[in-house]
Amino acid sequence: MKQLISKSISLLLAILMVFGISSVVMADPEITEPDSSEVTESTEVTTTSTDDNKEETIITLDEHKRDFLDVDFSDAPEVNGKAYVVFDAQSQTYLLGENVDLPLEPASTTKIMTCLLAIENLKMTDIVVVTPSMYSSIPDDYVKLGMTEGEEFTVEDLVNAALLKSCNDASLALAIHMAGTEAEFCKMMNARAKELGCTNTNFTTAYGFADPSNVISVSDMGLILEKCVSYPIFTEISTSTQYEISSTNKYSDTRVITNANRFISTQTYAYDYYIGGKTGYTDTAGNTIVAAASKNGRTLIGVIFGSDNSETRYSDLINLFDYCFSKFTTVAIDESEFDPFIDDITMRIQEVIVDTDLEVTAFDMNLVDYHTTTTARALTGNTVVIDIGDVIFDGNAAHQEFEIPLYRKYNDGVTYEVGTIHLEVDAKERSISITPEKNTSKNLGTVKNITITIMAICLLGAVAIIAIFIFRHKSLKRKEAEFMNKSKML
């Protein structure tokens, strides 16, 4: 019996060894790891330049904002003042100027920042209750609206009084109403100036008190007025001839405020294109003026600080506006100008990377909205240029970005950058694909191993049962034989 059991177990082990039951998971030989080697050769895309026998001047986007300031325009108007500037609001280009970044006292042109903050932070119908701090510190010879403690004004009343008549108490009242104190309001003024891009500004007064530390450059003042005239309410107030303040809780009569700006109040300096601004004067600042003019869809900002004569500043600014509207041309830049070339550039890039593991993942055109140049240059004609000479693809890099310059080239040899193409190139994702046939083969192999395992277990169980049955049968036979022998002995 022992020999039978031993033989059965040996048979079972042999079966298991033949069919290879194992817990080790083997890699499918049909699935391979991606090649870790990288493309080492870099590919360069170039363009062919044209030889027009002219000396070419390339002006970048950043350079173009101020490049005209370095040009000597011999026919430009003379300006009486310590500093002046004319700024094209559409193209963000400085056209003419002198000492444009020199910090100087602005006098009452300070008030345009106070009124800007009022427009941005208050409602015109809001009520301001007058306190002594809103007028008591202002010198007696400064222009005032005339306020009484506890008197109530609307924000619209005070903004009109500040812009039209340059009432210093109206401006200070707005400041203290917004910030609690003039000092805290000046912090608001300087923070807003910084947001607008001002770099040579330090406000220490809300209304233009003669303080040598209250300074701003003409270029910074132009940025503030540009923002002001973007609000229709500012233009509406600045260009009105007069405004009436109704009777208040402390004053029974109507106050009539007349616009003191000569662009509006006189025929001599009336300017049809004027859309808003402010004048100022102190002994230390001299005569100051900031104004905006709009003509044929173009908006120019002009600023003059330190003029010797109150009337000359108006005539000088009118001359500057007329000259710049004529001398310079501002046009919209349309993507359609570049469309015929974009497909060609795209095709050339694809041709270069077609045999690599690279693919284009971003191709975005970014153009300036408006471009300014001299009228004479614009009349010579221009062509479009896309420079991809510096685009070099690295086959080893997983991600690459490029800024491709877009140019407008004029026939006098001057080329302006007017935008860029943002190009991104990435390595293709390497994926492992398994065909249905290979999947089927792998699944069948797994099922086969499981089936064999089950069959082996069943066979082992059957052998064990048979062995037990045989062992029991022989045991009974032995006992029966022993019983018979004992009977015979009896």
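Not measured: the values here are computed from a predicted model.

1. Structural notes on the overall build of the protein chain
Piece 1. The helix and strand inventory of the protein chain stands at 13 helices and 20 strands.
Piece 2. Within the protein chain, buried positions represent 42% of all 490 residues.
Piece 3. Taking the contacts inside the protein chain whose residues are at least 6 apart along the sequence as the reference set, 70% of them involve residues at least 24 apart.

2. Digging into the packing of aromatic side chains
Piece 1. Taken as a whole, this structure holds 16 aromatic pairs when the rule is applied.
Piece 2. Both rings, one in Phe73 and one in Phe328, keep their centres 5.5 Å apart while their planes meet at 80°; by these two values the pair is edge-to-face. One end of the pair, Phe73, is in the loop between α2 (61-64) and β3 (83-88); the other, Phe328, is in strand β14 (residues 328-332), and 255 residues separate them in sequence.
Piece 3. Under the relative-accessibility criterion, Phe328 is labelled buried at 1%.
Piece 4. Summarising the aromatic geometry, the rings of Phe263 and Tyr274 are spaced 4.9 Å apart at their centres and angled 40° between planes, so their arrangement reads as tilted. Taken as a pair, Phe263 in helix α9 (residues 262-265) and Tyr274 in strand β11 (residues 274-282) lie far apart in primary sequence, eleven residues in all. Take Phe263 and Tyr274: they sit in the same class, and that class is buried.
Piece 5. Clustering of aromatic rings is evident, with ring pairs tying together Phe263, Tyr269, Tyr271, Tyr273, Tyr274, Tyr314, Phe321 and Phe325.
Piece 6. Between the NZ or CZ atom of Arg66 and the centre of the ring of Tyr94, over which it lies, the distance is 4.8 Å.
Piece 7. A cation sits over an aromatic face here: Arg255 above Tyr251, 4.2 Å from the ring centre.

3. Side note on the nonpolar core
Piece 1. In terms of nonpolar packing, the biggest core is built from 66 residues, with Met113, Leu145, Leu158, Val159, Ile224 and Leu225 touching the most fellow members.
Piece 2. One finds Phe263, Ala291, Ile304 and Tyr314 within the second-largest nonpolar core, a separate group that totals 29 residues.

4. Examining the side chain of Thr235
Piece 1. Of note, Thr235 is situated in helix α8 (residues 232-238).
Piece 2. A distance of 3.2 Å separates a polar side-chain atom of Thr235 from the backbone oxygen of Ile275.
Piece 3. When sequence neighbours within four positions are dropped, the list of residues in contact with Thr235 reads Val229 and Ile275.

5. Structural notes on the sheet that holds β11
Piece 1. In space, the five strands of this open sheet follow the order β4-β3-β13-β12-β11, with antiparallel pairing throughout. For this open sheet the edge positions go to β4 (93-98) and β11, each flanked by a neighbour on one side alone. Each neighbouring strand pair of the sheet contributes to a mean axis angle of 10°, computed without reference to strand direction.
Piece 2. Pairing of β3 with β4 involves five bridges; the strand directions are antiparallel. When the bridges of β4 are listed, Asp88 appears paired with Thr93.
Piece 3. Seen against the sheet, helix α7 (residues 218-228) touches β3, β4, β11, β12 (286-295) and β13 (298-307) and runs at an angle of roughly 140° to β13.

6. Here we look at a negative patch on the surface
Piece 1. A cluster of acidic residues, Asp334, Glu335, Asp339, Asp343, Asp344 and Glu351, forms a negative patch on the protein surface.
Piece 2. The residue Asp343 is located in helix α11 (residues 339-353) in this model.

7. Considerations on the pairing of strand β19 (residues 399-410)
Piece 1. β19 sits mainly inside the fold: nine of its twelve residues count as buried.
Piece 2. The pairing of strand β17 (residues 382-386) with β19 spans five bridges and is antiparallel. Across the sheet, residue Val385 finds its bridge partner in β19, namely Tyr407.
Piece 3. Two strands pair when backbone bridges link them, and β19 and strand β20 (residues 414-427) are joined in this way by eleven bridges, in the antiparallel orientation. Across the sheet, the residue bridging to His399 is Asp426, located in β20.
Piece 4. Taking the residues between adjacent antiparallel strands as the criterion, β19 and β20 are bridged by three residues, where Gly413 takes a positive phi near 95°.

8. Quick word on the pattern of salt bridges
Piece 1. With the rule as written, the count across this model stands at ten salt bridges.
Piece 2. When the shortest N-O distance is used, the salt bridge between Arg192 and Glu120 registers 2.9 Å. Linking Arg192 in helix α6 (residues 182-195) with Glu120 in helix α3 (residues 111-121), this pair joins segments that are 72 residues apart in sequence.
Piece 3. You can call Arg192 buried: its relative accessible area is 14%.
Piece 4. With its nearest N and O atoms 2.9 Å apart, the salt bridge here joins Arg408 to Glu337. Here Glu337 lies in the loop between β14 and α11 and Arg408 lies in strand β19, a separation of 71 residues in the sequence.

9. Considering the packing of α3 against α7
For any two helices packed against each other, one specifies the crossing angle of their axes together with the interaxial distance.
Piece 1. Their axes nearest at 10 Å, the elements α3 and α7 cross at an angle of 35°. Crossing geometry of α3 relative to α7 is assigned as left-handed. On α7, the residues touching Ile112, Met113, Leu116 and Glu120 of α3 are Met221, Ile224, Leu225, Lys227 and Cys228.
Piece 2. Of the residues assigned to the contact of α3 with α7, the class counts are seven nonpolar, no polar and two charged.

10. Considerations on the environment of Arg408
Piece 1. Here Arg408 falls in the buried class, since its relative accessible area comes to 9%.
Piece 2. For the pair formed by Arg408 and Val384, sequence separation is 24 residues and the distance between their alpha carbons is 4.9 Å.
Piece 3. Beyond its immediate sequence surroundings of up to four residues, Arg408 is in contact with Val331, Ile333, Glu337, His371, Asn382, Thr383, Val414, Thr415, Tyr416 and Val418.

11. So, the confidence of the model for the protein chain
Piece 1. Summing up the model confidence of the protein chain, the mean pLDDT is 84 and the portion of residues at 70 or higher is 78%.
Piece 2. Confidence drops under pLDDT 50 across residues 1-53; counting only partners more than four residues distant or on other chains, this segment forms 53 contacts.
Piece 3. Note that residues 432-444 has pLDDT below 50 and, in this model, six contacts with residues that lie over four places away or in other chains.

12. Focus: α7
Piece 1. The element α7 is largely enclosed, with a buried count of ten among its eleven residues.
Piece 2. Turning to α7, its buried residues are Val218, Ser219, Asp220, Met221, Gly222, Leu223, Ile224, Leu225, Glu226 and Cys228.

What counts and how
Residues numbered from 1 in each chain as written. Predicted model: local features only at pLDDT ≥ 70, side-chain atom pairs only at ≥ 80, totals over all residues. Heavy atoms only, no water. Helix = DSSP H or I, 4+ residues; strand = E, 2+ residues; numbered from the N terminus. Buried < 20%, exposed > 50% of the residue type's maximum accessible area, 1.4 Å probe, protein only. Contact = heavy atoms within 4.5 Å. Phe/Tyr/Trp six-rings, centres within 6.5 Å; stacked < 30°, edge-to-face > 60°. Lys NZ or Arg CZ within 6 Å of the ring centre and 35° of its normal. Core = buried A, V, L, I, M, F, W, Y, C linked by side-chain atoms within 4.5 Å. Polar contact = N/O pair within 3.5 Å; in protein donor to acceptor, adjacent residues only side chain to side chain. Pairing = 2+ DSSP bridges. Axes fitted to C-alpha atoms, helices over the stretch in contact; angles between N-to-C directions. Patch = residues over 30% accessible without salt bridge, like charges linked within 9 Å, V, L, I, M, F, W, Y side chains within 5 Å. Areas by Shrake-Rupley, 256 points an atom, 1.4 Å probe, with all protein chains shown as cover. Salt bridge = Lys/Arg side-chain N within 4 Å of Asp/Glu carboxyl O. Lys, Arg positive; Asp, Glu negative; His and termini not counted. Charge placed at Lys NZ, Arg CZ, Asp CG, Glu CD. Left-handed = near helix turned anticlockwise from the far one by under 90°. Nonpolar A, V, L, I, M, F, W, Y, C, P; charged D, E, K, R; others polar. pLDDT = per-residue confidence, 0-100.

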